[in-house]
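Structural features, examined
Chain by chain, the residues:
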Amino acid sequence: MQQQPVPRSTDLVVFGGTGDLSMRKLLPSLYLLDRDGHLDGGTRVIAVSRDGLTDADLRDKAASAVRGHSAVQVVEPDVMRRFLGRLHHVTLDVGGDRSGWTDLADLLAPDRDRVFYLAVPPMISGAICRGLSDAHLVTPESRVVMEKPLGRDLASSQAVNDEVGAVFDESRVYRIDHYLGKETVQNLLVLRFANVFLEPLWNSRWIDHVQITAAETVGVGGRRGYYDSSGAMRDMVQNHLLQLLCLTAMEPPSSYDRDAVRDEKLKVLQSLRPVQGDRVEQHTVRGQYTRGVVQGEEVLGYLDEAGGSPTSATETFVALRAEVANWRWAGVPFYLRTGKRLSHARSEIVIRFRDVPHTIFPGAGTPPGSGSLVIRLQPDEGIHLTMLAKTPGAGALRLRPVPLELSFADTFATRSPEAYERLLMDVLAADSTLFMRRDEVEAAWRWVDPIIRAWDDHDVAPEPYPSGSAGPAGAHRLIGRTGRTWHEEETPR
Ligand code: BG6
């Protein structure tokens with residue numbers, strides 16, 4: 001991987017270019033990349049949609065999208081002018097006549113890299129790739145970017161990958177998991193592999209268990225229709241949480257090279273012990289939010305939200321126990337948990353160390369399980385190490401857990417780029433280290449599919465939990481069965 005991605009002159013063609021993802025994430029991120037000097041002067045963004053917009057319409061829409069984005073605090077008029085000048089719109093109906101393809105072909109420059117970004121539902125990815133190929137728009141250097149969902153099970157994922165793979169070689173396919181673009185996620189690799197002190201402890205001898213949490217306060221919003229056919233397992237666990245598990249559990253790669261890193265992640269996925277049969281009930285919990293109050297605001301329950309079935313058994317929460325069956329991790333549970341409409345938004349990886357084998361401070365108030373390393377992805381990105389210290393004073397010796405805190409915001413003056421900025425920069429620099437390879441995605445489905453199938457076969461209804469709570473009681477039973485607890489400690493925000 002290049003440490004400093006080099007911008008290349010590129011035509012970035014975004015299918016679904018006027019849609020939600022484009023307006024909320026892609027265009028604001030591209031604006032920031034332009035502002036920070038990461039877009040080559042010749043780079044253009046070509047939004048493709050059926051909307052019949054002119055370039056001027058698109059530029060108006062894009063300007064409001066950029067202004068409305070929280071990471072863009074001050075719009076710089078010169079940068080905005082330059083950025084909007086890069087934008088073009090092509091009206092194209094993928095299933096319609098050839099005119100849109102011809103317009104696109106006329107616009108594309110022969111001397112630039114081409115990146116085709118599929119910000120569209122996966123069922124039309126194949127048709128777009130065929131259209132590109134039939135219109136002779138795919139050059140040997142062209143890249144394609146795919147967004148999730150990458151299928152809804154192994155078979156559908158393989159089908160999409162086959163269709164895209166018929167046009168683009170695997171080395172040209174960039175599958176986005178935006179969690180891999182988060183600054184702290186990349187920092188996890190640096191923490192593990194650029195420091196010497198953790199590696200000797202990073203195994204079953206010294207680690208009791210690992211917790212990976214992605215808790216959200218938001219509900220499904222306007223995505224109820226999509227979400228009914230997905231659920232938290234497909235939406236969050238199959239991709240984001242398993243990727244975090246891979247980065248936590250993988251062996252040191254020989255270099256920070258795309259295949260070296262992805263080979264090691266793949267081995268972790270292939271080592272996951274299958275959760276099948278009785279183990280599904282023992283090791284997984286599904287939940288669904290009901291009406292409640294989140295951060296002072298009354299909110300609807302999942303079933304009351306518009307756009308989906310009023311009797312849907314879709315889960316908005318999952319907790320599960322995974323095991324990585326290899327020498328390093330044998331016997332160390334990895335507890336994963338994600339949910340919407342929870343009391344706090346927090347994504348973190350918690351490494352809970354074992355207690356000392358023998359205490360020389362009996363009766364000093366040593367709380368068990370107090371040594372932990374927390375890698376906080378959001379909010380307040382940082383690393384917190386909790387260890388035991390002596391409470392000051394001359395009386396009886398007392399121990400207390402105390403934190404050693406590293407806040408990225410306080411330590412580094414520079415702004416952390418948002419995940420999409422980072423990933424777009426890498427796509428433009430043709431660096432696929434932080435993207436998922438086909439075999440990884442399929443290995444993740446291979447592990448997740450039997451769990452979803454077992455839920456469906458046994459009509460396992462999700463356990464209701466009130467919005468604004470910590471999730472269903474079953475999640476606490478799941479981890480509590482072995483005498484452990486979730487890391488709920490609040491840090492100031
Ligand atoms: C997306 C999911 O991939 O990730 C959403 O589809 C979820 O349902 C989002 O809300 C969470 O991302 P982040 O970056 O806000 O943690």
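For the structure, check the block above.
Here's what I pulled together on the structure shown here. (Residues numbered from 1 in each chain as written. Predicted model: local features only at pLDDT ≥ 70, side-chain atom pairs only at ≥ 80, totals over all residues. Heavy atoms only, no water.)

Topic: the overall build of the chain
Going by this rule: Under the scheme used here, helices are H or I runs from DSSP no shorter than 4 residues and strands are E runs no shorter than 2 residues, and both carry numbers assigned from the N terminus. Within these notes, the globule rule equals 2.2 Å times the number of residues to the 0.38 power, and the radius of gyration is based on C-alpha atoms. Buried, partly exposed and exposed residues are distinguished by accessible area as a fraction of the type maximum, computed with a 1.4 Å probe on protein chains only: under 20%, between the cut-offs, and over 50%, respectively. We call two residues in contact whenever any of their non-hydrogen atoms come within 4.5 Å of each other. Surface accessibility in these figures is a Shrake-Rupley result with a 1.4 Å probe; residues are shielded only by whichever protein chains are displayed. Residues scored as charged are limited to Lys and Arg (positive) and Asp and Glu (negative), so that His and the chain ends carry no count. Every charge is mapped onto a representative atom, which is NZ of Lys, CZ of Arg, CG of Asp or CD of Glu.
Within the chain, the regular secondary structure consists of 15 helices and 17 strands. Over its C-alpha trace the chain gives a radius of gyration of 24 Å, about what one expects of a compact globule, namely 23 Å for 493 residues. The dimensions of the chain, computed from C-alpha atoms along their principal axes, are 80 × 50 × 45 Å. Out of the 493 residues belonging to the chain, those deemed buried represent 52%. At a minimum sequence separation of 6, the contacts of the chain that also span at least 24 residues come to 79%. Summing over all exposed atoms, the chain offers an accessible surface of approximately 21,300 Å²; the carbon and sulfur share of this is 54%. For the chain, the distance from the average site of its 57 positive side-chain charges to the average site of its 66 negative ones is 4 Å.

Re the pairing of strand β14 (residues 372-378)
The test is simple: Here, any two strands with at least 2 DSSP bridges between them count as paired.
In terms of burial, β14 is a largely internal element, six of the seven residues being buried. Of the strand pairs in this sheet, strand β13 (residues 346-353) and β14 are connected by six bridges, and their pairing is antiparallel. Bridging across to β14, Ile 351 finds its partner in Leu 373. Pairing geometry for β14 and strand β15 (residues 382-390), over five bridges, is antiparallel. Residue pairing for β15: Ser 372 is matched across the bridge by Thr 386. The hairpin turn running from β14 into β15, its antiparallel successor, is three residues long, and Asp 380 in that turn takes a positive phi close to 50°.

Considering helix α3 (residues 77-85)
What counts here: This arc is taken over the directions from the axis of the helix to the C-beta atoms.
For α3, the set of buried residues is Val 79, Met 80, Phe 83 and Leu 84. Buried positions in α3, seen along its axis, are confined to an arc of 125° and lie on one side of it. Turned more than 90 degrees from where α3 packs its buried face, Pro 77, Asp 78 and Arg 81 sit exposed. Contact partners of the buried residues in α3: α1 (20-35), α2 (55-67) and β3 (87-91).

What to know about the site of the ligand
Rules: A cutoff of 4 Å decides nearness: a residue is near a molecule or strand if any of its heavy atoms lies inside that distance of it. As used in this structure description, the phrase polar contact means that two N or O atoms lie within 3.5 Å; if the pair is within protein, one of them must be able to donate a hydrogen and the other to accept it, and residues adjacent in sequence are counted only when both atoms belong to side chains. Charged means Asp, Glu, Lys or Arg here, nonpolar means Ala, Val, Leu, Ile, Met, Phe, Trp, Tyr, Cys or Pro, and polar covers whatever is left, Gly included.
Close contacts around the ligand come from Lys 148, His 178, Tyr 179, Lys 182, Glu 216, Arg 223, Asp 235, Met 236, His 240, Lys 340 and Gln 378, and that covers them all. Glu 216 is positioned with one of its side-chain polar atoms (N or O) 2.5 Å from an oxygen atom of the ligand. In the complex, 76% of the free accessible area of the ligand, which totals 400 Å², lies under the protein chains. For the shell around the ligand, a count of residues per class yields two nonpolar, three polar and six charged.

Side note on the environment of Arg 192
With respect to the element layout, Arg 192 can be found in helix α7 (residues 183-193). With a relative accessible area of 2%, Arg 192 lands in the buried category. Once the C-alpha coordinates of Arg 192 and Asp 153 are considered, the two residues, 39 residues apart in sequence, prove to be 32 Å apart. Contact partners of Arg 192, with chain neighbours within four places excluded, come to Glu 199, Trp 202, Leu 247, Thr 248, Ala 249, Met 250 and Arg 328. A polar contact of 2.8 Å, which involves the side chain of Arg 192, links it to the backbone oxygen of Met 250.

Let's talk about α1
One turn of an α-helix holds 3.6 residues; hence residues three or four places apart share an orientation. Convention followed: The span expected for a helix works out to 1.5 Å for each residue beyond the first. Note on bend: at a given residue it equals the angle between the axes fitted to the 7 residues ending there and to the 7 starting there.
Look at α1: 22 Å from first C-alpha to last across 16 residues, which is about the 22 Å you get at 1.5 Å a residue. The largest bend along α1 measures about 30° and falls at Leu 26, with the proline Pro 28 one to four residues further on. Counting buried positions over the 16 residues of α1 gives 12, a clear majority of the element. Turning to α1, its buried residues are Leu 21, Ser 22, Met 23, Leu 26, Leu 27, Pro 28, Ser 29, Leu 30, Tyr 31, Leu 32, Leu 33 and Asp 34. Positioned one or two residues after α1, Gly 37 has a phi angle of 80°, which is positive.

Points about the sheet that holds strand β5 (residues 143-146)
Test applied: Orientation is described by lines fitted to C-alpha atoms, with helices fitted over the stretch in contact, and by angles between N-to-C directions that extend from 0 to 180 degrees.
Pairing is parallel in the open sheet, where six strands are placed in the order β3-β2-β1-β4-β5-β6. Across the chains shown, the open sheet's two edge strands, defined by having one partner strand only, are β3 and β6 (173-175). Adjacent strand axes in the sheet meet at a mean angle of 20° when their direction is disregarded. Across six bridges, strand β1 (residues 10-15) lies against strand β4 (residues 113-118) in parallel orientation. When the bridges of β4 are listed, Val 14 appears paired with Tyr 117.

Describing the nonpolar core
The condition that has to hold: Within this scheme, the nonpolar core is defined by two criteria: the residues are buried Ala, Val, Leu, Ile, Met, Phe, Trp, Tyr or Cys, and they are joined through side-chain atoms within 4.5 Å.
Counting 137 residues, the largest nonpolar core has Phe 15, Leu 104, Tyr 117 and Leu 245 as the members making the most contacts within it. Ranked by the residues each element gives to this core, the list is headed by helix α9 (residues 232-249), at 11 residues. Beyond its immediate stretch of four places on either side in the chain, Leu 245 contacts Ile 212, Val 268, Leu 272, Ala 322, Val 324, Phe 334 and Leu 336.

Thoughts on the sheet that holds strand β17 (residues 463-466)
In a beta sheet, neighbouring strands pair by backbone hydrogen bonds and run either parallel or antiparallel. Strand order in the open sheet formed by nine strands is β16-β15-β14-β13-β7-β12-β11-β8-β17, with mixed pairing between adjacent strands. Bordering the open sheet on either side are β16 (399-407) and β17, each of which pairs with just one other strand. Within this sheet the neighbouring strands show an average axis-to-axis angle of 20°, counted without direction. Most of the contacts of α7 go to β14, to which it runs at about 150°, and overall it touches β13, β14 and β15.

Side note on a nonpolar patch on the surface
Spelled out, the test is: A patch consists of residues whose relative accessible area exceeds 30% and which take part in no salt bridge; residues with like charges are grouped when within 9 Å of each other, and nonpolar side chains (Val, Leu, Ile, Met, Phe, Trp, Tyr) when within 5 Å. Think of a salt bridge as a Lys or Arg side-chain nitrogen and an Asp or Glu carboxyl oxygen that are within 4 Å of each other.
A surface patch of nonpolar side chains, amounting to about 280 Å² of accessible area, comprises Ile 360, Phe 361 and Leu 397. Tracing the sequence through the fold places Ile 360 in the loop between β13 and β14. By relative accessible area, Ile 360 is classed as exposed at 64%.

Quick notes on the packing of aromatic side chains
This is how the line gets drawn: Centre distance within 6.5 Å is the pairing criterion for rings of Phe, Tyr and Trp, where only the six-membered ring of Trp is used; planes under 30 degrees apart are then read as stacked, over 60 as edge-to-face, and the remainder as tilted.
Per the counting criterion, the structure on display carries 11 aromatic pairs. On the basis of an interplanar angle of 40° and a centroid distance of 6.0 Å, the ring pair of Phe 15 and Trp 101 is categorised as tilted. You can see Phe 15 sitting in strand β1 and its partner Trp 101 sitting in helix α4 (residues 99-107), a full 86 residues away along the chain. There is no split in this pair, since Phe 15 and Trp 101 are both buried. Consider the rings of Tyr 31 and Phe 83, whose centres lie 5.9 Å apart with planes at 85°: the pair is edge-to-face. Taken together, the residues Tyr 31 in helix α1 and Phe 83 in helix α3 connect sequence positions 52 residues apart. Pair check on accessibility: Tyr 31 and Phe 83 agree, each one buried. Taken together through their ring pairs, the aromatic side chains of Tyr 226, Tyr 227, Tyr 289 and Tyr 302 make up a single cluster.

Function cannot be read off these values alone, since they describe shape.
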